[in-house]
Amino acid sequence: MRNKGEVILLRRSWKEGKPLKGFIDSQDNSKWLYHIDPMGGIFFTDNRNAKEYFQVRNAVLQSIWHMGMELKKKHFFKL
């Protein structure tokens with residue numbers, strides 16, 4: 001992933017609780033895929049980044065699901 005194991009926190013306005021426009025505009029979208037939102041979840045500054053993140057996440061989840069099904073098959077139907 002592009003975040004390279006670093007945690008980048010989203011900066012929010014203390015008064016309104018909304019993401020700071022200046023912070024979002026100053027970010028290099030090619031460097032960071034997502035920001036961790038202190039209110040919970042993740043925050044994307046660009047829809048292309050969100051699409052890339054969800055494609056990777058879905059591929060990982062499908063791989064884990066497949067591995068689980070293979071292990072169940074081996075367990076219940078020993079050859």
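Since we're looking at a predicted model, the values are computed, not measured. (Residues numbered from 1 in each chain as written. Predicted model: local features only at pLDDT ≥ 70, side-chain atom pairs only at ≥ 80, totals over all residues. Heavy atoms only, no water.)

**Some words on the overall build of the protein chain**
Selection rule: Only DSSP runs of H or I with at least four residues qualify as helices, and only runs of E with at least two residues qualify as strands; both kinds are numbered from the N terminus onward. Radius of gyration here is computed from C-alpha atoms only, and the compact-globule reference equals 2.2 Å multiplied by the residue count raised to the power 0.38. For this analysis, residues touch if any pair of their heavy atoms sits within 4.5 Å. Calculation of accessible area relied on Shrake-Rupley with a 1.4 Å probe; when residues are assessed, cover is drawn exclusively from the protein chains displayed. Asp and Glu are treated as the negative residues and Lys and Arg as the positive ones, with His and the ends of the chain left uncounted. Taken as the charge centre is NZ of Lys, CZ of Arg, CG of Asp or CD of Glu, depending on the residue.
Assigned secondary structure in the protein chain consists of 2 helices and 2 strands. Its helices and strands taken in sequence order, the protein chain reads α-β-β-α from the N to the C terminus. Relative to the compact-globule value of 12 Å for 79 residues, the protein chain shows a C-alpha radius of gyration of 18 Å, a clear excess of over 25%. With the C-alpha coordinates aligned to their principal axes, the bounding extent of the protein chain is approximately 60 × 25 × 20 Å. In the protein chain, of all internal contacts separated by at least 6 residues, the share reaching a separation of at least 24 is 47%. A total accessible area of about 6,700 Å² is found for the protein chain, and carbon and sulfur atoms account for 60% of it. Computing the positive centroid from 15 side-chain charges and the negative centroid from 8, the protein chain places the two 7 Å apart.

**What about the packing of aromatic side chains?**
The geometry of two aromatic rings is summed up by the distance between their centres and the angle between their planes. What counts is decided by this rule: Any Phe, Tyr or Trp ring, taking Trp's six-membered ring, that has another such ring centre within 6.5 Å forms a pair; planes under 30 degrees apart are called stacked, those over 60 apart edge-to-face, and the others tilted.
Summed over all chains, the structure comprises 4 aromatic pairs. Where Y53 meets F54, the ring centres are 5.2 Å apart and the plane angle is 80°; that geometry is what we call edge-to-face. By way of ring pairs, the aromatic residues Y34, F44, Y53 and F54 are connected into one cluster.

**As for the pattern of salt bridges**
Heads up, the rule is: Every case where a carboxyl oxygen of Asp or Glu lies within 4 Å of a side-chain nitrogen of Lys or Arg is listed as a salt bridge.
If you walk through the whole model with that rule in mind, you get 3 salt bridges. R48 is the salt-bridge partner of D46, the closest N and O atoms lying 2.7 Å from each other.

**Overview of the side chain of D46**
Just so we agree on the cut-off: Here a polar contact is recorded for every N or O atom pair within 3.5 Å, except that within protein the pair must consist of a potential hydrogen donor and a potential acceptor, and residues adjacent in sequence are included only if both atoms are side-chain atoms.
In this fold, D46 is placed in the loop between β2 (42-43) and α2 (47-76). Only 2.7 Å separates the side chain of D46 from the side chain of R48, close enough to count as a polar contact.

**A closer look at the environment of S63**
On the secondary structure map, S63 appears in helix α2. There is a polar contact of 3.0 Å between the side chain of S63 and the backbone oxygen of A59.

**Remarks on the confidence of the model for the protein chain**
In plain terms, the rule: The pLDDT value tells you how sure the predictor is about a given residue, anywhere from 0 up to 100.
Taken over all residues, the pLDDT of the protein chain has a mean of 86, while the share at 70 or more is 95%. Mean pLDDT across the elements of the protein chain bottoms out in helix α1 (residues 21-26) (82) and peaks in α2 (93).

**Quick look at the environment of L61**
Selection rule: Accessible area is worked out with a 1.4 Å probe on protein chains only. A residue is then buried under 20% of its type maximum, exposed over 50%, and partly exposed in between.
Locating L61 in the fold gives a position in helix α2. When its relative accessible area of 47% is taken as the criterion, L61 is described as partly exposed. Sequence-wise, L61 and R48 are 13 residues apart; in three dimensions their C-alpha atoms are separated by 20 Å.

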